[in-house]
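Examining the three-dimensional arrangement
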2 protein chains.
Amino acid sequence: MTERLYLYDTTLRDGQQTQGVQFSTEEKHQIAEALDHLGVDYIEGGWPGANPTDSAFFAEAPKTKARFTAFGMTKRSGRSAENDEVLAGVLNAGTDSVCLVGKTHDFHVTTALGITLEENLENIAKSVAHLGAQGREALFDAEHFFDGYKANPDYAIACCKAAYEAGARWIVLCDTNGGALPGEVYQITLKVIEAGIPGENIGIHTHDDTGNAVANSLAAVNAGARQVQGTLNGLGERCGNANLTTLIPTFLLKEPYKSTLDTGVTDAALADMVKVSRMLDDILNRVPLRSAPYVGASAFAHKAGLHASAILKDPSTYEHVPPETVGNARIVPMSNQAGQSNLRKRLADMGLEVSEKQDLGRILDRIKQRETEGYSYDTAQASFELEARRELGLMPQFFEVERYRATVERRRDAKGKVIHLSEVTIVVNIGGERHLSVSEGIMADGNDGGPVNALSKALVKDLGPYQDLIGDMELVDFKVRITNGGTEAHTRVIIDHEDSQGRRWSTVGVSSNIIDASFEALLDAVLWKLMRDGAQALGAE
Amino acid sequence: MTERLYLYDTTLRDGQQTQGVQFSTEEKHQIAEALDHLGVDYIEGGWPGANPTDSAFFAEAPKTKARFTAFGMTKRSGRSAENDEVLAGVLNAGTDSVCLVGKTHDFHVTTALGITLEENLENIAKSVAHLGAQGREALFDAEHFFDGYKANPDYAIACCKAAYEAGARWIVLCDTNGGALPGEVYQITLKVIEAGIPGENIGIHTHDDTGNAVANSLAAVNAGARQVQGTLNGLGERCGNANLTTLIPTFLLKEPYKSTLDTGVTDAALADMVKVSRMLDDILNRVPLRSAPYVGASAFAHKAGLHASAILKDPSTYEHVPPETVGNARIVPMSNQAGQSNLRKRLADMGLEVSEKQDLGRILDRIKQRETEGYSYDTAQASFELEARRELGLMPQFFEVERYRATVERRRDAKGKVIHLSEVTIVVNIGGERHLSVSEGIMADGNDGGPVNALSKALVKDLGPYQDLIGDMELVDFKVRITNGGTEAHTRVIIDHEDSQGRRWSTVGVSSNIIDASFEALLDAVLWKLMRDGAQALGAE
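Conventions used here
- Residues numbered from 1 in each chain as written.
- Chains lettered and ligands numbered in written order.
- Predicted model: local features only at pLDDT ≥ 70, side-chain atom pairs only at ≥ 80, totals over all residues.
- Helix = DSSP H or I, 4+ residues; strand = E, 2+ residues; numbered from the N terminus.
- Buried ≥ 20, exposed ≤ 12 C-beta atoms within 10 Å, placed from the backbone.
- Contact = placed C-beta atoms within 7 Å.
- Pairing = 2+ DSSP bridges.
- Axes fitted to C-alpha atoms, helices over the stretch in contact; angles between N-to-C directions.
- Parallel < 35°, antiparallel > 145°, perpendicular 65-115°, else oblique.
- Nonpolar A, V, L, I, M, F, W, Y, C, P; charged D, E, K, R; others polar.
- UniProt positions renumbered as here; feature names shortened; annotations may be inferred.
- pLDDT = per-residue confidence, 0-100.
- Domains from an automatic or database assignment.
- Expected span 1.5 Å × (residues − 1).
- Core = buried A, V, L, I, M, F, W, Y, C linked by C-beta atoms within 7 Å.

**Description of the overall build of chain A**
- The helix and strand tally for chain A stands at 20 helices and 16 strands.
- Taken over the C-alpha atoms alone, chain A extends approximately 95 × 70 × 45 Å along its principal axes.
- Within chain A, buried positions represent 54% of all 541 residues.
- A fraction of 68% describes how many contacts in chain A between residues 6 or more apart in sequence connect residues 24 or more apart.

**Examining the pairing of strand β2 (residues 6-9) of chain A**
All names here are of chain A.
- The two faces of β2 match: Tyr6 and Tyr8 on one face and Leu7 and Asp9 on the other face are all buried.
- Where β2 lies against strand β9 (residues 227-230), four bridges are found, and the strand directions are parallel. Note that in β9 the partner of aspartate 9 across the bridge is glycine 230.
- Of the pairings in the sheet, the one linking β2 to strand β3 (residues 42-46) comprises two bridges and is parallel in character. What sits directly across from aspartate 9, in β3, is isoleucine 43.

**Description of the packing of helix α15 (residues 340-349) of chain A against helix α16 (residues 357-372) of chain A**
Residue and element names in this part refer to chain A.
- The interhelical angle for the contact between α15 and α16, taken along N-to-C directions, is 95 degrees, at an axis separation of 10 Å. The angle between the axes of α15 and α16 places the two elements in the roughly perpendicular class. Residues Gln340, Leu343 and Arg344 of α15 lie in contact with α16, whose contacting residues are Leu360, Ile363 and Leu364.
- Taken together, the residues that form the contact of α15 with α16 break down as four nonpolar, one polar and one charged.

**Thoughts on the interface of chain A and chain B**
- Facing the 99 residues of chain A at the interface are 95 residues of chain B.
- The dominant element in the side of chain A that touches chain B, judged by the number of residues it contributes, is strand β11 (residues 400-412) of chain A, at 10 residues.
- Counted by class, the side of chain A that touches chain B contains 32 nonpolar, 42 polar and 25 charged residues.
- Alignment of β11 of chain A against strand β11 (residues 400-412) of chain B, held across seven bridges, turns out to be antiparallel. By the bridge assignment, glutamate 409 of chain A is partnered in β11 of chain B with arginine 405 of chain B.

**Considering unusual backbone geometry**
- For the bond from glutamate 255 of chain A to proline 256 of chain A, the omega torsion is 5 degrees, close enough to zero to count as cis.
- Here proline 256 of chain A shows up in the loop between α10 (244-253) and α11 (257-260).
- Positive phi, close to 55 degrees, is recorded for arginine 238 of chain B, a residue that is not glycine.
- Along the chain, arginine 238 of chain B turns up in the loop between β9 (227-230) and α10 (244-253).

**So, the environment of alanine 32 of chain A**
Residues and elements named next belong to chain A.
- Mapped onto the elements, alanine 32 comes out in helix α1 (residues 25-38).
- As for alanine 32 and isoleucine 367, which are separated by 335 residues in sequence, their C-alpha atoms are 47 Å apart.
- Contacts of alanine 32, omitting those with residues within four sequence positions, involve Leu12, Ile43, Pro62 and Thr64.

**A few points about the UniProt feature "domain: Pyruvate carboxyltransferase" (unreviewed entry) in chain A**
- UniProt records the feature "domain: Pyruvate carboxyltransferase" (unreviewed entry) at residues 5-271 of chain A, using the numbering of this structure.
- The straight-line gap between the two end C-alpha atoms of residues 5-271 of chain A is 19 Å; of that span, 43% is helix and 17% is strand.

**Points about the sheet that holds strand β8 (residues 202-205) of chain A**
- With respect to topology, eight strands assemble into a closed barrel ordered β2-β3-β4-β5-β6-β7-β8-β9 (chain A), the strand pairing being parallel. If you compare each strand with its neighbour and ignore which way they point, the axes differ by 25 degrees on average.

**Re the pairing of strand β6 (residues 137-143) of chain B**
All names here are of chain B.
- Counting buried residues in β6 gives six out of seven residues, a clear majority hidden from the surface.
- Two elements, strand β5 (residues 97-103) and β6, share seven bridges in a ladder whose sense is parallel. Pairing of glycine 102 across the sheet is with alanine 142, part of β6.
- As defined by bridge partners, β6 adjoins strand β7 (residues 170-174) across four bridges and the pair is classed as parallel. For alanine 142, the partnering residue across the bridge sits in β7 and is leucine 173.

**Overview of the packing of helix α17 (residues 381-392) of chain B against helix α20 (residues 514-532) of chain B**
Residue and element names in this part refer to chain B.
- Contact pair α17 / α20: the axes reach a minimum separation of 9 Å and the direction vectors enclose 70 degrees. Relative to α20, the element α17 lies roughly perpendicular. Listed contacts from α20 to Ala382, Ser383, Glu385 and Leu386 of α17 are Asp524, Ala525, Leu527 and Trp528.
- Looking at the contact of α17 with α20 residue by residue, the classes come out as five nonpolar, one polar and two charged.

**Some points on the sheet that holds strand β16 (residues 504-511) of chain B**
Residues and elements named next belong to chain B.
- Spatial strand order, β14-β15-β16: three strands in an open sheet with antiparallel pairing. Since the sheet does not close on itself, it has two edges, and those belong to β14 (474-482) and β16, each with one partner. Taken over all neighbouring pairs, the strand axes of this sheet differ in orientation by 20 degrees on average, direction set aside.
- The pairing of strand β15 (residues 491-498) with β16 spans eight bridges and is antiparallel.

**A word on the confidence of the model for chain A**
- Here chain A averages 91 in pLDDT, and 97% of its residues register 70 or above.
- This complex was scored by the predictor with a pTM of 0.76 and an ipTM of 0.76.

**Overview of the domain arrangement of chain A**
Residues and elements named next belong to chain A.
- Here chain A is described as being made up of domain 1 (4-265), domain 2 (305-392) and domain 3 (400-532).
- Computed from C-alpha coordinates alone, the two centres of domain 2 and domain 3 are separated by 28 Å.
- The residue makeup of the side of domain 2 that touches domain 3, split by class, is five nonpolar, five polar and two charged.

**Considering helix α13 (residues 273-284) of chain A**
- Spanning 12 residues, α13 of chain A covers 17 Å between terminal C-alpha atoms, matching the ideal 16 Å at 1.5 Å per step.
- For α13 of chain A, the set of buried residues is Met273, Val274, Val276, Ser277 and Leu280 of chain A.

**Here we look at the environment of aspartate 496 of chain B**
Residue and element names in this part refer to chain B.
- By the secondary structure assignment, aspartate 496 is in strand β15.
- Linking aspartate 496 and glutamate 474, residues 22 residues apart in sequence, is a C-alpha distance of 8.5 Å.
- Beyond its immediate sequence surroundings of up to four residues, aspartate 496 is in contact with Val476, Asp477, Arg504 and Ser506.

**Describing the nonpolar core**
- With 197 residues, the main nonpolar core has Phe140, Ile171 and Leu173 of chain A together with Phe140, Ile171 and Leu173 of chain B as its most contacted residues.
- What leucine 173 of chain B contacts, discounting residues up to four positions off in sequence, is Ala142, Phe145, Phe146, Thr189, Val192, Ile202, Gly203, Ile204, His205 and Ala220 of chain B.
- Counting 94 residues, the second largest nonpolar core, distinct from the first, contains Ile363 and Met473 of chain A together with Val510 and Leu522 of chain B.

**Points about α15 of chain A**
- Considered for burial, the residues of α15 of chain A that qualify are Asn342, Leu343, Arg344, Arg346 and Leu347 of chain A.
- Just downstream of α15 of chain A lies glycine 351 of chain A, where phi reads positive at about 85 degrees.

**A word on the environment of leucine 113 of chain A**
Residues and elements named next belong to chain A.
- By the element assignment, leucine 113 lies in helix α4 (residues 106-113).
- Here leucine 113 falls in the partly exposed class, since 16 other C-beta atoms lie within 10 Å of it.
- Residues leucine 113 and serine 376, 263 residues apart in the sequence, show an inter-C-alpha distance of 57 Å.
- For leucine 113, the contacting residues outside a window of four places in its chain are Lys103, His108 and Asn120.

Shown next, in the form of structure tokens:
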């Protein structure tokens, strides 16, 4: 016997209150489509009339299975609901569902609105009744409800009851300032139910200011609330809203929710959770948070050696849910902590079967030594593979870089304009034959891309017999980290490449010289590609 | 009547399980010092004997007020505690406190360890007793405790009691896989207390795999646990550990904790929370998470118009705690009145009195424009000051850099050894007189320090009449961040300098060319110093 739990997404409204976030109308459509695919019950599209983007979006509202909802506020004092033009703007959007925020904290009623407590109750009741009269489903967002309840419980509940008795389908308890803690959310939600508003009419809207947005949502559901509001990736004002990307997997995969509650999200849709989360980051041009619950790239990464060896025996030893249920994947990275079993598995994944304990020990020692020098192989899998091969004597010698020289110059051109330009010359010996190349660091837009750009181009410009194999390499990411302070510190460079086969590989270089660290990572990238594609080792004489 | 709540930091051990994180010994010292300043009770330093970095750190352990703690595991079967060399390695570190992890989930005992349940109980008891016999305070990390309790409550509790009765000061209930939810953590912690282990001997160790690490910690404290384990910024395996940067403010500022519990953290230390959080991000070269509770740059940012206007009347309307209590600051959109007064204050702090609204607006526009190009003035105050002066026409021209050229070369020396060397030539025009300088990037240890090192030395080598003023400048930190992927991306360089007056200043440079971005930051550093010390502007003819 399960009960229905409703999911209400406010990414497009409260999510847009995130600092630095401003969705275009087209992006709003993309996000609404993804949410609908996921199977949420409500999609709050924004506040029609409040700004041009929101109005434009409602004017061409997406056709969703989810109830597409307009947000607004209760009517102001001194006019009827029918004559409040802000409320009219919201209703004009023509959505089936309308969510109106209203005050429930006595202090805010008298301080921020400057009206009497009675007037506020009337504004709530009249506004909700007006929605009903217009044939709309009404939701009431009880602003500052938990703070309000703590200050004046009778009044906070009276506000909710005014909305409920006026016909609101949902009374949404909002922790607007994000300061409530799970224990009190649970207790206060119980009080609301005791006061006569059934749990199946109660929603919860939380913020993450104490890191408890998810827990507060669960606490309200535990008390009986049956609608949860949140956003994708926890976007939202200040520290963000409750993260639906976290809550949805919890409701579907974890007890007691899994066997007592139903949502509109299917297991198939759940398996797209990582994809949906990344899509939003792409739209926002954000680096995805590696540590995000369920969907982060590190969520199923097992770095500790003890964990990694147990995982090999049975993944459930160190995983609370299977990664594939949310579309994620297990990662067993290399690191200082890694044990031999971790290492063996990683080598096997690369096609290197190493079973001798002695060989594993030597590779491990080499990797540990390199890590103390500043190398890091968590992500730089390709360089890791090359190091293992070098230690085992399995690394072919394709060519040798005899020398290179990088020059960066800044001066004024003939017209007196400051220009800078980078040039790299390189000499590569392939099977006894010397190949000289020179490149400038000119980018697509005509600007100087600097010495790393020039070096990258020079290195792959003429590798003679290998040219066909490396022609499709593309440098797609470049990261620099100084491992200690000062210019005398070591620099770690991590470079990602892709090729036409859709492979992506990472390499690492470390040096006190940033150019040389980059060179090392670039060289490893070429060597890995040649090795993986089975190039013939011509050596260097 | 308050009770003592103990804080146990594991940033240096479990925090280092974060993918991509590898602290150097020096960084571990820096972090331990910051934690000690904060006032945590325990600092777990790592696992002595498990890897060279941890061993080196314990060999020169920091002197802390906090109990400096070594981590390890209970003895293995088939040998005595006295003869277990892994355990001996941990004890050899000589710390007053030792924390040993042991299994409490029957499935793990039989599957992962492959021993009987009885043997495991004995391993726990004997290991803890051995610590006591050696005069150490013993902590027992009950691994997989909540999963273990759900599978076999009697056995899980028997493991904890074995450790407690053998003399462990703390029994730490670990949610190792991070899958437990707050309701069950609360209930199960109560059961442990009912079974005879007092709350004042119970600790809680949680992970964020369901986004509930903080809530689970609070749930255990609500049930009676009196030690909380966590990490700075929530570092840790997979999704991270409980975030002490979130929990500490909650314990100090929020009810019911504020008036019922005492920690070792003072209000003054709490006001450094943002600083400590940023320091860790600096060490990791990570972009600080804007939405982090309490310490994030957006934690007190009020974007919604209604919120911003209410905040001006009374900050408590939309803030659950005052931002300054944790060393944070309120942000309201720059365009409004408060934005301008903030800017005016920042300029006044630099000795620039700007009262004209028009001037403030122009500076704001210029800064915003630069920020869209990739500049960042959060830390680079010196460059910010120079930009404001440039906009107001108050920037003296001391000299002009006519040109520079940086060369990096890698080749074999006469003996066939690979060497790399960097050289920079620079031409500076001071009052019409040209000064030529050349420098190599040779470091104190004889290695090549690369082109940035050479550039830094060349720039300050001969500035003629200004030489006396810049002779005491020292480059103390250098950070590089790529603002977008690929070598064609922009590079942001932030450089810190110090001088003999004890001043420290930060400058920023942005370019597609990493050498030129560094040059820009280096040049700003020299200009700021000349301006602050009142150098005469000789110009360039």
